[in-house]
Amino acid sequence: ALKSYDKAIQLKPDYAQAYSNRGNALKSLGQLDEALKSYDKAIQLKPDYAEAYSNRGNTLKGLGQLDEAVASYDKAIQLKPDYAEAYNNRGSILYLLGQLDEALKSFDKAIQLKPDYPIAHSNRGVTLKDLGRLDEAFTSYDKAIQLKPDFADAYINRGDALKALGQLDEAVKSYDKAIQLKPDFINAYRNRGNALNELGNLDAALLSYDKAIQLKPDYAEAYNNRGNALEGLGSLEEALKSYDKAI
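Summary of the structure given here. Fair warning: this is a prediction, and the values are worked out from it, not measured in the lab. (Residues numbered from 1 in each chain as written. Predicted model: local features only at pLDDT ≥ 70, side-chain atom pairs only at ≥ 80, totals over all residues. Heavy atoms only, no water.)

So, the packing of aromatic side chains
How two aromatic rings sit relative to each other is set out by the distance from centre to centre and by the angle between their planes. Throughout the structure, instances matching the rule amount to zero aromatic pairs. Sitting over the ring of tyrosine 49, lysine 46 keeps its end group 4.6 Å from the ring centre. (Phe/Tyr/Trp six-rings, centres within 6.5 Å; stacked < 30°, edge-to-face > 60°. Lys NZ or Arg CZ within 6 Å of the ring centre and 35° of its normal.)

Right under this line is the structure:
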């Protein structure tokens, strides 16, 4: 695809959409700095290109330039006030910046513009959970799952909220569903292990941590939690090896 966009630009150097699409291809390849240059060129050629500003924001997020990412989403929204995706993406950055109330407003706006937007409902739930508004968080997760029954992320988020409420058995069921939908969901295995650990089901917790490590061999947190479970089982030497691996 990249070669096709390069050819389109060669044939028509002022083709803003080709630069934006080239940026998308580069971003997919993990070449974020080059992607950013392509979006900047698209915007230079077409200053009212809302989608290029939004994609630029996504790339800046990947580069860890969060404040600049928010500024890009703000510009996208200024150019296209009904741009639900830009509001959702803006909310995600504000959440990472710890600005939870502002993040919630962004997710609410995204949902107002696009009521059937499962990712925005799930993101809203995560933010509400962190604000301590767990009942509202469940409503958001349930809505996300209703709209997208195979939404593994919503199930893990729902499990996290249940765990926060101490409903550990229900949390495990939510993690199980997330894993059923997405068998390589590393964090779901880790969180499932944590819930099982709290339930005192250490052997099952150990299996979950082992699976997370199998999927991500450098997963320090899973090694640490695995060590905790092994220590609880009295396997102190094995626990020590796990802690060493975490370090």
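Looking at the pattern of salt bridges
Evaluated as defined, the whole model comprises 17 salt bridges. In this structure, arginine 90 and aspartate 74 form a salt bridge, with 2.6 Å as the shortest nitrogen-oxygen distance. Here arginine 90, found in helix α6 (residues 84-96), pairs with aspartate 74, found in helix α5 (residues 66-79); they are 16 residues apart in sequence, far enough to count as distant. Accessibility expressed as a relative area gives 34% for aspartate 74, which makes it partly exposed. Salt-bridge contacts for aspartate 142 lead to arginine 158; the nearest nitrogen and oxygen are separated by 3.1 Å. Taken together, the residues span a long stretch of sequence, with aspartate 142 in helix α9 (residues 134-147) and arginine 158 in helix α10 (residues 152-164) at a distance of 16 residues. The class for aspartate 142 is partly exposed, based on a relative accessible area of 38%. With a relative accessible area of 23%, arginine 158 lands in the partly exposed category. (Salt bridge = Lys/Arg side-chain N within 4 Å of Asp/Glu carboxyl O. Helix = DSSP H or I, 4+ residues; strand = E, 2+ residues; numbered from the N terminus. Buried < 20%, exposed > 50% of the residue type's maximum accessible area, 1.4 Å probe, protein only.)

Some points on the packing of helix α12 (residues 186-198) against helix α14 (residues 220-232)
Direction vectors running N to C along α12 and α14 enclose 20 degrees, while the axes themselves pass 11 Å from each other. Classed by the angle they form, the pair α12 and α14 counts as roughly parallel. The element α12 and its partner α14 pack so that their crossing is left-handed. Residues Arg190, Asn194 and Asn197 of α12 lie in contact with α14, whose contacting residues are Glu221, Asn225, Asn228 and Ala229. Residues belonging to the contact of α12 with α14 are distributed by class as follows: one nonpolar, four polar and two charged. (Axes fitted to C-alpha atoms, helices over the stretch in contact; angles between N-to-C directions. Parallel < 35°, antiparallel > 145°, perpendicular 65-115°, else oblique. Left-handed = near helix turned anticlockwise from the far one by under 90°. Contact = heavy atoms within 4.5 Å. Nonpolar A, V, L, I, M, F, W, Y, C, P; charged D, E, K, R; others polar.)

Considerations on the nonpolar core
In this structure, Ile156, Ala178, Phe185 and Ala188 are the most contacted members of the largest nonpolar core, which totals 39 residues. Of all the secondary-structure elements, those providing two or more residues to this core are α8 (118-130), α9, α10, α11 (168-181), α12, α13 (202-215), α14 and α15 (236-246). In this structure phenylalanine 185 touches Ala152, Asp153, Ile156, Ala178 and Leu215, once residues within four positions along its chain are discounted. In terms of nonpolar packing, the next biggest core, distinct from the first, is built from 20 residues, Ile9, Ile43, Tyr83 and Ala110 among them. (Core = buried A, V, L, I, M, F, W, Y, C linked by side-chain atoms within 4.5 Å.)

Points about the side chain of serine 174
Within the fold, serine 174 resides in helix α11. The contact partners of serine 174, leaving out residues within four places of it in the chain, are Tyr155, Arg158, Gly159 and Leu162.

Some thoughts on helix α2 (residues 16-28)
Compared with the 18 Å implied by 1.5 Å per residue over 13 residues, the 19 Å span of α2 between its first and last C-alpha is a close match. Of all the residues in α2, the buried ones are Ala16, Ala18, Tyr19, Ser20, Arg22, Gly23, Ala25 and Leu26. Trailing α2 by a residue or two, glycine 30 shows a phi angle of about 80 degrees, which is positive. (Expected span 1.5 Å × (residues − 1).)

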